[in-house]
Protein chains: 2
Amino acid sequence: MRSEFDFIQNIKKKFGLDQIGDDCAVLPKDATTDLLITTDLLVEGVDFRLDWTVPEFLGHKALAVSLSDVAAMGGEARWALVSIGVPEGLWVGDFLDRFYEGWHALAKELGVEMVGGDVSRSPGGLVIDSIVGGEVATGMAILRSHAHVGDLILVTGDLGGAAGGLRLLNDGVRYDDELPGWQKKLLRKQLTPWPQLDNALVVTLDDTATAMIDISDGLSSDLAHICEASRVGARIDAKRIPINAQLEKLELTEDAKLDLALNGGEDFELLFTASKEKISNIDEELFSVIGEVTANAGMIELITNDETRILTPAGYRHF
Amino acid sequence: MRSEFDFIQNIKKKFGLDQIGDDCAVLPKDATTDLLITTDLLVEGVDFRLDWTVPEFLGHKALAVSLSDVAAMGGEARWALVSIGVPEGLWVGDFLDRFYEGWHALAKELGVEMVGGDVSRSPGGLVIDSIVGGEVATGMAILRSHAHVGDLILVTGDLGGAAGGLRLLNDGVRYDDELPGWQKKLLRKQLTPWPQLDNALVVTLDDTATAMIDISDGLSSDLAHICEASRVGARIDAKRIPINAQLEKLELTEDAKLDLALNGGEDFELLFTASKEKISNIDEELFSVIGEVTANAGMIELITNDETRILTPAGYRHF
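Residue indices begin from 1 for each chain and proceed along its sequence in written order. Think of it this way: whatever chain is written first is A, whatever ligand is written first is 1, and the rest follow in order. Reporting of local features is limited, given that this is a predicted model, to residues whose pLDDT is at least 70; pairs of side-chain atoms are given and counted only at 80 or more, and all residues count toward the totals for whole chains, interfaces and linings. Neither water nor hydrogens contribute to the side-chain values; these are computed over all heavy atoms in the structure.

(A) Spatial organisation of the pairing of strand β9 (residues 270–274) of chain A. Residues and elements named next belong to chain A. To sort residues, take the accessible area from a 1.4 Å probe on protein chains only and compare it with the maximum for the residue type: under 20% means buried, over 50% means exposed, and anything in between is partly exposed. Here a strand is any run of E in DSSP of at least two residues, a helix any run of H or I of at least four, and the numbering for each starts at the N terminus. The buried fraction of β9 amounts to 5 of the 5 residues, a majority that puts the element mostly inside the structure. Burial along β9 is two-sided: the face carrying L270, F272 and A274 and the face carrying L271 and T273 are both buried. Paired strands are those between which DSSP finds at least two bridges. Inspection of the sheet shows strand β6 (residues 152–156) paired to β9 by 4 bridges, in the antiparallel sense. If you follow I153 over to β9, its bridge partner there is T273. Judged from the 5 bridges that link them, strand β7 (residues 209–214) and β9 form a sheet pairing that is antiparallel. From the neighbouring strand, M212 faces β9, where its bridge partner is F272.

The structure is reproduced here in structure tokens:
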């Protein structure tokens, strides 16, 4: 069966849509500013399960995933819309009020204005489309396609936490204030990811980042997207991948933890490339250097203790 | 059960979202231009049925309903995104290619650029979110809230055709090139509505229109939205409502035809108000004067041969 990625490539080619394929669309706004636009569709049973979250968390996440796309372009988020298809059972009761509470709390904290949306009945499950608009200085949006051979590869924060949270959910753990702190942290990483808008501003200072993407599908897949768009390869060092500290508590093997960090997805950290010269300008505590861009177009090599092996993108795919 | 309208009012009030509630959000773009943004969620089984349409028509309609929102603000459409949640059964085969063919044919004809979107799996039915961006001169967006007492009330085109098409679909008629012309016209009015972007430019010339909305829910409901937003009333004359000519063939009573025109919805014609003085500036063949704005806030009166009665909004509601 064709993949979602193949499908989008096909549509792009057929209709000459060269612009499509980054985290946001980039459109001219005024003499000094470009407009960023992104849309993310969240479908019950695919992107979330109602019994795994609470309405406030879901509202937060719906907005956060699109804010993360604006961060991935090096932009600042300005406004948002949310369209929601609601099963009749959720129309009664407080679900929607609580959903918007969560959405709005994040919007308020990050200075994002709700400007519109749509609401419809849904005979199937809950469906949410999250649309965010942002801004970036003209021509300064950080695309996936400008990584250069020799650039370093970096990530913000740590990886695998959202996948660890998903594992807890799969094991029947549900968010509760009484849970141990490490479980709450993993669950919150999965259920209420934080968009890296502040870090995005740091890495765009002084044109530091050459290419950027947010880690939604998983490090292996999202790095492959950068390599594909930039026609480069990558070599990353397993030892340097920042693995979420709470994963220790899950008592996994080192390989299993590395797998969550490489392929787990939904951490919504930023993955970016930058020249070695520029990196010294940014605070290294905020970022981890995990590897280097190579000339082996399309090939991602993973260095472990024993060997260097070819990494196959294994992050999330809808089809 | 609370209505969709009450729900939106509640959200607006709770979060201080005074801007929400027109066909598009209006945001400053540059020194001379405002940006218009709209999103419309189309859900299978609620907003469309796959066995009632063909993929190209559905692609057309998904874009058209959002373009119509830009027209309703007096704007020009510029770009669009489409997010689509796809059941597995539609992922194979040519459904999606044909959907995008239809979408793209309309976009091309109206000079609208596809700039992005999202695609997800859907365990329920097909779900489409259509997002369109447009432009209007700064401060010149035509809101629902600026109708004045004494303004005339006008519509573009004719009404009831989309509802007539829906009636044919309910009776088992399906679109086919071999159908009689009148049936094809009614079905196309329902399945491939045409956004009134050209007429929107005409009625905004010389500041003619004071308030405007597109007829999506139905004349009675959409006129009520203008009255509510403008804190005015309306008196319309049944004889002056332009009823779709093809409805003759359905052999309905005069009352039944009037009902389709008043409450049928989805004609995506423009409903607007304008001062009597300005109306002479526009081509009367394009528009029908159907009544007048009154001071009876919230009350819509319908003049028929026999009587003047209070019209209750009876257009489409999701809940």
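From this point, the narrative continues.
(B) Inspection of the nonpolar core at higher detail. By nonpolar core is meant a set of buried Ala, Val, Leu, Ile, Met, Phe, Trp, Tyr and Cys residues that side-chain atoms within 4.5 Å join together. Within the largest apolar cluster, 53 residues are counted, with the highest numbers of intra-cluster contacts made by I84(B), F99(B), L126(B) and I128(B). Of the residues forming this core, the biggest block, 9 residues, is contributed by helix α2 (residues 55–72) of chain B. Any two residues having at least one pair of non-hydrogen atoms within 4.5 Å are treated as being in contact. What F99(B) contacts, discounting residues up to four positions off in sequence, is P55(B), E56(B), L58(B), G59(B), A62(B), V82(B), I84(B) and I128(B). Judged by nonpolar contacts, the second largest core, of 52 residues, contains A64(A), M73(A), L197(A) and V203(A).

(C) Spotlight on the sheet that holds strand β2 (residues 33–43) of chain B. All names here are of chain B. Sheet architecture is open: 5 strands sit in the order β1-β2-β5-β3-β4, paired in mixed fashion. Each end of this open sheet is capped by a strand with a single partner; those strands are β1 (25–28) and β4 (113–121). Averaged over all pairs of adjacent strands, the angle between their axes in this sheet comes to 20°, without regard to strand direction. Across the sheet, helix α4 (residues 95–109) is in contact with β3 (76–86), β4 and β5 (127–137); its angle to β3 comes to roughly 165°. To obtain an axis, a line is fitted to C-alpha atoms, over the contacting stretch when the element is a helix, and the angle between two such axes runs from 0 to 180 degrees between their N-to-C directions.

(D) Spotlight on the environment of R309(B). Residues and elements named next belong to chain B. With respect to the helices and strands, R309 occurs in strand β12 (residues 308–310). Assessed through its relative accessible area of 35%, R309 is described here as partly exposed. The spatial distance from the C-alpha of R309 to the C-alpha of E113 is 46 Å, given a sequence separation of 196 residues. Setting aside its immediate chain neighbours within four residues, R309 contacts I300, E301 and L302.

(E) Structural view of the sheet that holds strand β8 (residues 233–237) of chain A. Residues and elements named next belong to chain A. As summarised here, the arrangement of the 7 strands in space is β7-β9-β6-β10-β8-β11-β12, forming an open sheet in which the pairing is mixed. The strands lining the two open edges of the sheet, one partner per strand, are β7 and β12 (308–310). Recorded for the sheet is a direction-independent mean angle of 25° between the axes of neighbouring strands. Contacts between helix α2 (residues 55–72) and the sheet are confined to β7 and β9, with β7 contributing the most and set at about 170° to the helix. Of the strands in this sheet, β6, β7, β8, β9, β10 (287–294) and β11 (300–303) are in contact with helix α8 (residues 219–230), which crosses β7 at around 135°.

(F) Looking closely at the pattern of salt bridges. In what follows, salt bridge is the name for a side-chain nitrogen of Lys or Arg lying within 4 Å of a carboxyl oxygen of Asp or Glu. For the coordinates displayed, the defined rule picks out 36 salt bridges over all chains. For the salt bridge of E76(A) with R78(A), the shortest nitrogen-to-oxygen distance reads 3.9 Å. Judged by its relative accessible area of 38%, E76(A) is partly exposed. Across the pair E301(B) and R235(B) runs a salt bridge whose closest N-O atoms are separated by 3.8 Å. Separated by 66 residues along the polypeptide, E301(B) in strand β11 (residues 300–303) and R235(B) in strand β8 (residues 233–237) bring together distant segments of the chain. Taking the relative accessible area as the measure of exposure, E301(B) reaches 12% and is therefore buried. Residues joined in a network through salt bridges with shared partners are K29(A), D30(A), E76(A), R78(A) and E135(A).

(G) Fine view of the side chain of D267(B). All names here are of chain B. When you line up the elements, D267 lands in the loop between α9 (254–263) and β9 (270–274). The charged-residue count follows a simple rule in which Lys and Arg add positive charge and Asp and Glu add negative charge, with His and chain termini not counted at all. Buried within the structure, D267 lacks any salt-bridge partner; K189 is the closest side chain of opposite charge, at an N-O distance of 4.7 Å. The definition of a polar contact used here is a pair of N or O atoms within 3.5 Å, where within protein one atom must be able to donate a hydrogen and the other to accept one, and adjacent residues in sequence count solely through side-chain atom pairs. At 2.7 Å, the side chain of D267 and the backbone nitrogen of G160 are in polar contact. Ignoring any residue separated from it by four or fewer positions in sequence, one finds D267 in contact with D158, L159, G160, G161, A162, K189 and I215.

(H) Structural context of α2(B). The span one expects for a helix is its residue count, reduced by one, times 1.5 Å. Here α2(B) contains 18 residues, and its C-alpha end-to-end distance of 26 Å stays within 8% of the 26 Å for a straight helix at 1.5 Å per residue. The positive-phi residue at the C-terminal boundary of α2(B) is G74(B), with phi of around 80°.

(I) Inspection of the confidence of the model for chain A at higher detail. Each residue carries a pLDDT score, the predictor's own confidence in it, on a scale running from 0 to 100. Looking at chain A, pLDDT values average 93 and 94% of them are 70 or higher. Our summary of model confidence lists the complex with pTM equal to 0.94 and ipTM equal to 0.92.

(J) Spotlight on the packing of aromatic side chains. Residues and elements named next belong to chain B. Two rings from Phe, Tyr or Trp (for Trp, the six-membered ring) form a pair when their centres are within 6.5 Å of each other. A pair whose planes differ by under 30 degrees is stacked, one over 60 is edge-to-face, and the rest are tilted. Per the stated rule, a full pass over the model turns up 8 aromatic pairs over all chains. Measuring from ring centre to ring centre gives 5.0 Å for F57 and Y175, while their planes differ by 75°; the resulting arrangement is edge-to-face. Of the two residues, F57 is situated in helix α2 and Y175 in the loop between α5 (161–170) and α6 (181–191); the sequence distance between them amounts to 118 residues. Overall, the relative accessible area of 10% leaves F57 in the buried class.

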